[in-house]
Amino acid sequence: MLMEFSLLGWWRVVLSAVAGLAALFLLAPLGLLIALSFDSSQWLQFPPPGWTLQWYAQVFADPNWLASLLTSLELGAVVTLASVLLGLLAGFAIARGSFPGRETLRGFFLTPMIMPSIVLGIALYAVFLRLHLAGTFLGFVLAHLVLALPFSIVAITGALEATDKSLEDAAMLCGAGLWEARVRVILPAIRHGIFSAAIFSFLTSWDEVVVAIFMASPGLQTLPVRMLGEVRQNLSPDIAVVSSLLVLGTLLLMGLAAIFNKDAKR
Amino acid sequence: MSAYLELRNLRKEFGDFVAIDNISLRIEKGEFITFLGPSGSGKSTTLYAIAGFVEPNAGDVLLNGRSLVGVAPNHRDIGMVFQRYTLFPHLSVAENIAFPLRVRRRPKAEIEAKVAQMLELVHLTPMRARKPAQLSGGQQQRVALARALAYDPQILLMDEPLSALDKKLREDIQGEIKRIHAETGVTIIYVTHDQEEALRLSDRIVLFNHGGIEQVGTGEDLYDRPRSSFAAGFIGNSNLIEIRLDAGAAHLPDGTSLRHFNHPDQGAKRLMVRPEDMHLAAEGIAGQVTERIYLGDVIAYTVRTGWGQDLSIRAQRRAAQHQAYIGETVKIDFNREQAYIIPE
């Protein structure tokens with residue numbers, strides 16, 4: 001049966017109310033946290049007795065917060081780059097290759113998505129201890145790469161499969177070598193897939209905390225790891241500020257993605 | 001003398017499936033050749049072997065006497081227009097045409113001149129700044145044609161380039177392709193499953209069936225002198241009648257004898273008569289009209305014979321001495337010169 005919203009009569013009011021409540025339930029905690037970051041009381045009092053930017057100033061003056069922010073950004077950038085490059089190679093193999101076990105390989109690449117991250121964290125930690133990678137930046141990159149790569153492979157393989165192979169053939173007959181054809185013709189054609197791969201890879205690393213706890217060392221902490229530590233020690237407005245900044249950063253990235261996707265469709 | 005392009009005993013298997021076998025063909029420079037055949041007959045596999053995307057299991061492809069086997073597609077200097085739209089979506093029309101020249105690192109001035117010339121050739125100069133997505137299907141294929149010709153390839157391959165277009169547009173672009181062939185003199189190999197398209201375009205038709213070549217010849221050769229029942233049935237419509245030749249007469253399955261058959265062969269044969277070569281007459285093959293379709297210029301009859309075969313007749317409306325209607329018993333005849341014994 002076709003449900004026509006305008007024909008539902010007074011049910012419309014009920015449905016709108018339920019939808020509104022659900023949205024409120026999901027968004028209110030975030031709103032509260034953002035409000036608290038401007039709260040003049042240092043005990044996270046609500047409603048706030050007054051408004052201030054002093055906690056933001058405090059966070060930006062704290063070398064520990066800045067260090068973890070930088071760590072998170074660096075890690076995210078390196079993971080994104082590696083994830084997109086490997087995703088491209090794996091994507092070409094899966095979407096264009098013809099070899100036995102191709103579908104198995106495709107499934108295998110996706111296992112980190114369904115593996116419980118706590119198990120992955122412990123397993124990686126155990127291996128990295130032996131390889132002297134635990135607590136190093138390289139170890140961190142590799143661990144997050146395991147988590148980010150499936151997203152990258154899914155996005156890029158999907159884009160490649162949606163792009164006709166004849167495009168590659170046409171470029172080759174025009175005189176381009178196989179990889180020249182792929183770089184000059186296929187990469188631009190799947191740029192929205194590459195962009196999605198990059199965004200998802202970055203976000204995977206950016207807000208990942210379970211595996212990161214195992215990889216972190218006192219001198220190498222990502223933003224979420226430091227936040228978790230701070231929350232456990234003392235609940236300060238700093239947490240609200242950093243959380244708000246994380247939300248803002250994520251929103252900006254999603255906005256960018258939306259603009260890019262709109263452009264790709266045109 | 002060696003041919004411009006020569007295929008020698010080409011064979012290609014995909015697993016258990018033999019896609020083409022023992023394909024041998026000689027093509028002269030400047031010819032317009034069509035590979036015609038039903039789907040799965042091996043025509044596209046042969047084309048892709050020439051392009052270099054299919055590596056043959058056996059046999060050779062020679063261009064100007066030089067073997068192309070083992071030469072990568074990008075070093076074969078062959079142009080191709082594909083069935084699907086293959087313009088590069090991020091490049092404009094002009095940039096698409098310039099692409100093969102840029103890859104070859106030709107000087108800028110030369111590229112610009114060539115792009116302008118190609119746009120002129122396909123009558124798309126006003127569209128030069130458009131993106132492929134802003135063009136119609138027909139325009140996209142014309143740009144693809146310009147791109148494939150921009151680097152003056154030795155051969156132009158076309159793999160059912162018009163199959164996605166509607167009939168009217170297809171005929172327009174067929175005309176355009178013929179004109180471009182005449183203007184550039186390029187050697188074209190064109191794959192199609194549409195016999196009308198093959199007849200309209202080509203100097204010679206190569207008819208494929210079951211991975212082999214059934215017959216090679218001009219449209220007239222294939223229409224008037226098919227070498228097999230398959231060829232007779234695939235090009236145009238035909239009536240195939242089992243006969244026995246004996247002492248200047250043809251004996252039909254129902255016992256009717258048609259006189260004045262002075263064919264050198266004797267015995268059981270298969271006779272082909274085109275529907276337009278048959279007419280209603282006072283004497284001849286007896287049958288009952290089961291279908292009558294008025295088509296304006298001609299009237300198409302289906303007549304069921306005494307031995308249960310349906311024969312097709314296309315009678316000129318004006319020339320029809322006899323008009324017949326459904327259910328009527330009629331006699332059919334044909335001129336003996338237009339009767340053809342299939343030599344298989």
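Since this is a predicted model, take the numbers as computed values, not measurements.

Draft legend 1. The overall build of chain A, seen in detail. From N to C terminus, chain A includes 13 helices and zero strands. Ordering the α and β elements of chain A from the N terminus gives α-α-α-α-α-α-α-α-α-α-α-α-α. For chain A, whose C-alpha radius of gyration is 23 Å, the value lies well above the compact-globule estimate of 18 Å for 266 residues. Principal-axis analysis of the C-alpha atoms gives chain A an extent of 70 × 65 × 30 Å. By the burial criterion, 41% of the 266 residues in chain A qualify as buried. By sequence separation, contacts in chain A at least 24 residues apart represent 69% of the contacts at least 6 residues apart. Surface exposure of chain A reaches about 14,600 Å², of which carbon and sulfur atoms provide 73%. Counting 14 positive and 15 negative side-chain charges, chain A places the averaged centre of each group 7 Å from the other.

Draft legend 2. How the structure looks around helix α8 (residues 165–173) of chain A. Taking burial as the measure, the nine residues of α8 of chain A include eight buried ones, the bulk of the element. Contacts made by the buried residues of α8 of chain A are with α3 (63–96) and α9 (178–189) of chain A together with α1 (43–51), β6 (78–81), α2 (93–103) and α4 (137–149) of chain B. Positive backbone phi, approximately 115°, marks glycine 175 of chain A, located one or two places after α8 of chain A.

Draft legend 3. Spatial organisation of the sheet that holds strand β20 (residues 340–341) of chain B. Residue and element names in this part refer to chain B. Strand order in the open sheet made by the five strands is β13-β12-β11-β14-β20, with antiparallel pairing throughout. Each edge of the open sheet is held by one strand with a lone partner, namely β13 (257–258) and β20. In this sheet, strand β14 (residues 267–273) lies alongside strand β11 (residues 239–246) in antiparallel orientation, the contact comprising seven bridges. Note that in β14 the partner of glutamate 242 across the bridge is arginine 270.

Draft legend 4. Inspection of the nonpolar core at higher detail. Residue and element names in this part refer to chain B. Judged by nonpolar contacts, the single largest core of 54 residues is most densely connected at Phe35, Phe99, Leu157 and Ile189. With near-sequence residues (within four places) excluded, leucine 157 lies in contact with Leu47, Ile50, Ala51, Ile78, Gly79, Met80, Val81 and Ile189. Among the nonpolar cores identified, the runner-up in size contains 36 residues, and Val81, Val122, Leu135 and Ala148 belong to it.

Draft legend 5. View of the sheet that holds strand β8 (residues 187–192) of chain B. Residues and elements named next belong to chain B. Within the open sheet, the six strands sit side by side as β6-β7-β8-β3-β9-β10. Their pairing is mixed. Here the strands that pair on one side only, and so sit at the sheet edges, are β6 and β10 (212–217). Pairs of neighbouring strands in the sheet enclose a mean axial angle of 20°, with direction left out of account. Packing of α1 onto the sheet brings it into contact with β3 (32–36), β6, β7 (155–159), β8 and β9 (204–209), and relative to β7 it is tilted by some 145°.

Draft legend 6. Main features of the pairing of strand β2 (residues 17–27) of chain B. Residues and elements named next belong to chain B. Relative to β2, strand β1 (residues 5–14) is paired through seven bridges, and the arrangement is antiparallel. Of the residues in β2, the one forming a bridge with glutamate 6 is arginine 26. Following β1, the chain reverses through two residues before pairing antiparallel with β2; glycine 15 in that reversal takes a positive phi of roughly 65°.

Draft legend 7. Molecular detail of the interface of chain A and chain B. On the side of chain B, 21 residues touch chain A, which itself brings 18 residues to the contact. Each partner contributes to the roughly 1,800 Å² buried at the junction of chain A and chain B, and carbon and sulfur atoms together form 68% of this total. Among the residues chain A hides against chain B, the three largest losses belong to Leu173, Cys174 and Arg184 of chain A. Together they make up 39% of the total. Applying the counting rule to chain A against chain B returns four residue pairs in polar contact (both at pLDDT 80 or more). Taken together, the elements giving at least two residues each to the side of chain A that touches chain B come down to α8 and α9 of chain A. Residue composition of the side of chain A that touches chain B, by class: ten nonpolar, three polar and five charged.

Draft legend 8. Molecular detail of a nonpolar patch on the surface. Residues and elements named next belong to chain A. Together, Phe5, Trp10, Trp11, Val13, Val14, Leu15 and Val18 give the surface a local cluster of nonpolar side chains, amounting to about 750 Å² of exposed area. Mapped onto the fold, valine 13 is located in helix α1 (residues 11–37). Residue classification places valine 13 among the exposed positions, given a relative accessible area of 58%.

Rules behind the numbers
- Residues numbered from 1 in each chain as written.
- Chains lettered and ligands numbered in written order.
- Predicted model: local features only at pLDDT ≥ 70, side-chain atom pairs only at ≥ 80, totals over all residues.
- Heavy atoms only, no water.
- Helix = DSSP H or I, 4+ residues; strand = E, 2+ residues; numbered from the N terminus.
- Rg over C-alpha atoms; globule rule 2.2 N^0.38 Å.
- Buried < 20%, exposed > 50% of the residue type's maximum accessible area, 1.4 Å probe, protein only.
- Contact = heavy atoms within 4.5 Å.
- Areas by Shrake-Rupley, 256 points an atom, 1.4 Å probe, with all protein chains shown as cover.
- Lys, Arg positive; Asp, Glu negative; His and termini not counted.
- Charge placed at Lys NZ, Arg CZ, Asp CG, Glu CD.
- Pairing = 2+ DSSP bridges.
- Core = buried A, V, L, I, M, F, W, Y, C linked by side-chain atoms within 4.5 Å.
- Axes fitted to C-alpha atoms, helices over the stretch in contact; angles between N-to-C directions.
- Buried area = accessible area lost by both parts, 1.4 Å probe.
- Polar contact = N/O pair within 3.5 Å; in protein donor to acceptor, adjacent residues only side chain to side chain.
- Nonpolar A, V, L, I, M, F, W, Y, C, P; charged D, E, K, R; others polar.
- Patch = residues over 30% accessible without salt bridge, like charges linked within 9 Å, V, L, I, M, F, W, Y side chains within 5 Å.
- Salt bridge = Lys/Arg side-chain N within 4 Å of Asp/Glu carboxyl O.

That is the geometry; function is a separate question.
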